[in-house]
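So the chains spell out like this:
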Amino acid sequence: MKVLVTGVGGQLGHDVMNELAGRGHEGVGSDVAPVYSGIADGTAVTQMPYVQMDITDKEAVDRTLSEVKPDAVVHCAAWTAVDLAEDDDKVQKVRQVNAGGTRNIADVCRKLDAKMLYLSTDYVFDGMGEMPWDPDCKDYSPLNVYGQTKLEGELAVFRTLEKFFIVRIAWVFGVNGKNFIRTMLKLGKKYDTIRVVNDQIGTPTYTYDLARLLVDMIETDKYGYYHATNEGGYISWYEFAVEIFRQAAALGIEDYDTDHLNVIPVTTAEYGESKAKRPFNSRLDKSKLAANGFRLLPAWQDALWRYINEISEEIE
């Protein structure tokens with residue numbers, strides 16, 4: 001299978017390319033940068049082709065995809081700077097990327113009769129209540145520009161294609177990029193007290209594990225909406241931070257043990273409002289994965305341990 005992956009400069013695109021290579025698929029990486037050399041670290045992925053593509057340029061998308069002729073597109077590219085998206089001078093650009101860029105890709109996938117997998121987010125919902133969001137729920141009510149534009153991308157895919165997967169994820173972390181874990185570990189070295197919100201609930205998603213699931217999906221025709229995060233239960237950001245430091249301390253890094261570090265739970269109101277409103281309820285119902293025969297992701301605690309070991313040299 002030939003698969004074009006957008007956003008290979010990010011956490012997820014990087015891991016999807018590695019997963020494709022490991023299974024013997026023909027992957028083609030793309031991103032807006034003219035040259036990208038970080039698709040993988042010394043594996044077969046480095047032999048895979050890379051094409052520069054600005055997804056907001058409709059003609060460039062048509063030309064590139066028509067030349068590559070992929071059997072499937074895994075669309076990881078997105079504007080993900082949630083707070084920056086709220087700036088008045090950024091809203092148009094965010095919409096061009098998350099909605100317009102996605103529509104451009106969907107249009108060409110329809111022309112080529114190619115499958116499309118679009119990565120979305122729990123932010124398409126209002127984040128209220130305590131019940132996990134069902135993947136087929138249509139009660140959309142985004143709280144911020146990022147969520148609204150990702151929803152517009154979802155709708156573009158849904159209205160354009162029949163061969164589509166829309167996969168909503170939350171609390172993403174991976175080796176190739178910034179994330180909550182790296183932020184906590186940096187703060188833990190700098191401060192002896194850290195405040196973390198305890199009233200926003202969800203489950204982390206490790207891109208290494210998610211990439212395996214996404215490739216599982218495009219190898220099938222089990223199209224539709226899905227939710228995907230690691231297993232292990234719903235937690236708060238505070239509980240996630242506590243486990244991050246516990247596991248880091250277990251590796252023998254003294255900066256993160258309880259003698260050196262105090263993690264304090266606070267409400268979102270106590271922490272202070274950010275420019276973009278965050279959902280309190282990021283619980284995602286993933287039962288549809290098992291119902292369609294897909295392997296669930298490992299527990300987030302296990303994923304965190306593997307990830308911290310992966311980046312241990314940079315945090316010691």
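Just so we're clear, the structure is a prediction, and the values are computed from it rather than from any experiment.

A. Fine view of the packing of helix 7 (residues 237–250) against helix 10 (residues 300–310). Two elements in contact, helix 7 and helix 10, have axes whose closest approach is 10 Å; the angle formed by their N-to-C orientations is 45°. As judged from the angle between their axes, helix 7 and helix 10 are oblique. The element helix 7 and its partner helix 10 pack so that their crossing is right-handed. Contact residues: helix 7 offers Phe240, Glu243, Ile244, Gln247, Ala248 and Ala250, while helix 10 offers Trp300, Gln301, Leu304, Trp305 and Ile308.

B. How the structure looks around the side chain of Glu243. Inspection of the secondary structure puts Glu243 in helix 7. Residue Glu243 is classed as buried on the basis of its relative accessible area, which comes to 14%. Side chain to side chain, Glu243 and Arg246 meet in a polar contact 2.8 Å long. Not counting chain neighbours up to four residues away, the residues in contact with Glu243 comprise Trp300 and Leu304.

C. Focus on the pattern of salt bridges. All chains considered together, the criterion is met by 20 salt bridges. One salt bridge in this structure joins Asp216 and Arg23, with 2.8 Å as the shortest N-O distance. Residue Asp216 is found in helix 6 (residues 207–218), and its partner Arg23 is found in the loop between helix 1 (11–22) and strand 2 (26–31); the two are separated by 193 residues along the sequence. When its relative accessible area of 11% is taken as the criterion, Asp216 is described as buried. Across the pair Arg278 and Asp83 runs a salt bridge, and its minimum N-O distance is 2.7 Å. You can see Arg278 sitting in the loop between helix 8 (268–271) and helix 9 (287–291) and its partner Asp83 sitting in the loop between strand 4 (72–75) and helix 3 (91–112), a full 195 residues away along the chain. Residue Asp83 is classed as partly exposed on the basis of its relative accessible area of 25%.

D. View of the packing of aromatic side chains. Evaluated as defined, the whole model comprises 20 aromatic pairs. Note on Phe165 and Tyr223: the rings are 5.0 Å apart at their centroids and 55° apart in plane angle, and the pair reads as tilted. One end of the pair, Phe165, is in strand 6 (residues 164–169); the other, Tyr223, is in the loop between helix 6 and strand 11 (224–227), and 58 residues separate them in sequence. By relative accessible area, Tyr223 is classed as partly exposed at 26%. Ring plane angle 35° and centroid distance 6.3 Å describe the contact between Trp237 and Phe240, whose orientation is recorded as tilted. Highlighted residues: Trp237 and Phe240, both in helix 7, separated by 3 residues, approximately one helical turn. A relative accessible area of 16% places Trp237 in the buried class.

E. Geometry of the environment of Asp57. With respect to the helices, strands and loops of the structure, Asp57 is situated in the loop between strand 3 (50–52) and helix 2 (58–68). Remark: the alpha-carbon pair of Asp57 and Leu251, spanning 194 residues in sequence, is separated by 47 Å. At 3.2 Å, the side chain of Asp57 and the backbone nitrogen of Glu59 are in polar contact. Side-chain polar atoms of Asp57 contact the backbone nitrogen of Ala60, separated by 3.1 Å.

F. Summary view of the nonpolar core. Counting 36 residues, the largest nonpolar core has Phe240 and Ile244 as its most contacted members. Breaking this core down by element, the ones donating at least two residues are helix 5 (180–190), strand 8 (193–197), helix 7, strand 14 (262–266) and helix 10. Element by element, the count of residues in this core is highest for helix 7, at 6 residues. Those residues in contact with Ile244 that lie beyond four places of it in its chain are Phe180, Ile181, Met184, Leu185, Leu304 and Ile308. Ranked by size, the runner-up nonpolar core spans 30 residues in total, among them Leu12, Leu20, Ala21 and Tyr50.

G. How the structure looks around the side chain of Thr229. Relative to the helices and strands, Thr229 resides in the loop between strand 11 and strand 12 (230–231). A polar contact of 2.8 Å, which involves the side chain of Thr229, links it to the side chain of Lys286. Beyond its immediate chain neighbours, meaning those up to four positions away, Thr229 contacts Ala170, Thr203, Pro204, Thr205, Leu284, Lys286 and Leu297.

Calculation rules
- Residues numbered from 1 in each chain as written.
- Predicted model: local features only at pLDDT ≥ 70, side-chain atom pairs only at ≥ 80, totals over all residues.
- Heavy atoms only, no water.
- Axes fitted to C-alpha atoms, helices over the stretch in contact; angles between N-to-C directions.
- Helix = DSSP H or I, 4+ residues; strand = E, 2+ residues; numbered from the N terminus.
- Parallel < 35°, antiparallel > 145°, perpendicular 65-115°, else oblique.
- Left-handed = near helix turned anticlockwise from the far one by under 90°.
- Contact = heavy atoms within 4.5 Å.
- Buried < 20%, exposed > 50% of the residue type's maximum accessible area, 1.4 Å probe, protein only.
- Polar contact = N/O pair within 3.5 Å; in protein donor to acceptor, adjacent residues only side chain to side chain.
- Salt bridge = Lys/Arg side-chain N within 4 Å of Asp/Glu carboxyl O.
- Phe/Tyr/Trp six-rings, centres within 6.5 Å; stacked < 30°, edge-to-face > 60°.
- Core = buried A, V, L, I, M, F, W, Y, C linked by side-chain atoms within 4.5 Å.

It is worth stressing that arrangement in space is one thing and function is another; only the former is reported here.
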